Amino acid sequence: GQSLEQPSEVTAVEGAIVQINCTYQTSGFYGLSWYQQHDGGAPTFLSYNALDGLEETGRFSSFLSRSDSYGYLLLQELQMKDSASYFCAVLNQAGTALIFGKGTTLSVSS
Amino acid sequence: DGGITQSPKYLFRKEGQNVTLSCEQNLNHDAMYWYRQDPGQGLRLIYYSQIVNDFQKGDIAEGYSVSREKKESFPLTVTSAQKNPTAFYLCASSQGQGGSDTQYFGPGTRLTVL
């Protein structure tokens, strides 16, 4: 089956850079996705990596190393509004539904 | 506006009662999903459907049932067999193309069983 590991909590200050790591074990790999969820809200898509390397989207970047079964989400120039939970996710073995990690709660302070 | 709606936002039920959570999408997506979220547990897959009149069990399907009679609707019934039904339930949809397929989530229904 699929399993993902990510830290439960990360704290940082405004303006800083933070990296949220994710390691995965999968039977079949279709890529690594990242979602953001503010408290009580709906998860929203942030990024997707199918190939090794870094994908940049504004202040957020995502990295994948398939040989290490590892990826990370990099958040730069942190703002208070970035305080949220961040989930990494992979498709299930059949490639038909996302399986999520338990999430990393990011707290940004001033 | 295209999107996913879930109703109601908050739902209270007595123990032993079945309850049905609504999920409707107007994104013309083929695939729909139900997840359960508990504190510290992330999102766990309950059921999903890739096409009308077909659905598959996820990791925690016991005590739940679904139907997919229409492309835009995927209701979830929480039965009395579900031992701990109090949770935040999230519905999602996608084009169902795997790989980079993005899932779009509804606002969720918070179910409390008294």
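Everything that follows concerns the structure shown earlier in this document.
Treat the numbers as computed from the prediction; the structure is a model and nothing was measured.

Draft legend 1. Representation of the sheet that holds strand S3 (residues 19–25) of chain B. Residues and elements named next belong to chain B. The strand order S1-S3-S8-S7 describes an open sheet built from 4 strands, whose pairing is antiparallel. This sheet does not close on itself; its edge strands, each paired only once, are strand S1 (4–7) and strand S7 (64–66). Here the average twist between neighbouring strands, direction ignored, is 20°. Judged from the 3 bridges that link them, S7 and strand S8 (residues 76–78) form a sheet pairing that is antiparallel. Along S8, the bridge assignment pairs serine 65 with threonine 77.

Draft legend 2. Broad picture of the interface of chain B and chain A. Every contact between the two is made by 24 residues of chain B and, on the other side, 20 residues of chain A. Around 1600 Å² of area is buried between chain B and chain A when both sides are counted, 59% of it from carbon and sulfur atoms. Taken together, the links from chain B to chain A amount to 0 salt bridges. Scanning the region where chain B abuts chain A turns up 7 residue pairs in polar contact (both at pLDDT 80 or more). Elements that contribute at least two residues to the side of chain B that touches chain A include exactly strand S4 (31–38), strand S5 (42–51) and strand S9 (87–94) of chain B. For the side of chain B that touches chain A, the leading source of residues is S5(B), giving 5 residues. Taken together, the residues of the side of chain B that touches chain A break down into 9 nonpolar, 11 polar and 4 charged.

Draft legend 3. Focus on the pairing of strand S4 (residues 32–37) of chain A. Residues and elements named next belong to chain A. With 6 of its 6 residues buried, S4 lies for the most part within the structure. Here S4 runs beside strand S5 (residues 44–49); their pairing, made up of 5 bridges, is antiparallel. Of the residues in S5, the one forming a bridge with serine 33 is tyrosine 48. A loop of 6 residues connects S4 with S5, the two strands running antiparallel in sequence, and glycine 40 in this loop sits at a positive phi of about 80°.

Draft legend 4. Local environment of the side chain of A:Asp82. Note that A:Asp82 resides in the loop between strand S8 (70–75) and strand S9 (84–91). Leaving out residues up to four positions away in the same chain, A:Asp82 has contacts with A:Arg59, A:Phe60, A:Glu77, A:Leu106 and A:Val108.

Draft legend 5. Molecular detail of the packing of aromatic side chains. On inspection of all chains with the given rule, the structure shows 15 aromatic pairs over all chains. Between the aromatic rings of A:Tyr70 and A:Tyr72, the centroid separation amounts to 6.1 Å while the plane-to-plane angle is 55°, which identifies the pairing as tilted. For A:Tyr70, a relative accessible area of 21% corresponds to the partly exposed category. Overall, the relative accessible area of 16% leaves A:Tyr72 in the buried class. Arranged with centres 6.4 Å apart and planes meeting at 85°, the rings of A:Phe87 and A:Phe100 form a pair that is edge-to-face. Taken as a pair, A:Phe87 in strand S9 and A:Phe100 in strand S10 (residues 98–100) lie far apart in primary sequence, 13 residues in all. The class of A:Phe87 is buried, set by a relative accessible area of 2%. Since its relative accessible area comes to 8%, A:Phe100 is described here as buried. One aromatic cluster is present, formed by A:Tyr35, A:Phe45, A:Phe87, A:Phe100, B:Tyr33, B:Tyr35, B:Tyr48 and B:Phe105 through successive ring pairs.

Cut-offs applied
Residues numbered from 1 in each chain as written. Chains lettered and ligands numbered in written order. Predicted model: local features only at pLDDT ≥ 70, side-chain atom pairs only at ≥ 80, totals over all residues. Heavy atoms only, no water. Pairing = 2+ DSSP bridges. Helix = DSSP H or I, 4+ residues; strand = E, 2+ residues; numbered from the N terminus. Axes fitted to C-alpha atoms, helices over the stretch in contact; angles between N-to-C directions. Contact = heavy atoms within 4.5 Å. Buried area = accessible area lost by both parts, 1.4 Å probe. Salt bridge = Lys/Arg side-chain N within 4 Å of Asp/Glu carboxyl O. Polar contact = N/O pair within 3.5 Å; in protein donor to acceptor, adjacent residues only side chain to side chain. Nonpolar A, V, L, I, M, F, W, Y, C, P; charged D, E, K, R; others polar. Buried < 20%, exposed > 50% of the residue type's maximum accessible area, 1.4 Å probe, protein only. Phe/Tyr/Trp six-rings, centres within 6.5 Å; stacked < 30°, edge-to-face > 60°.

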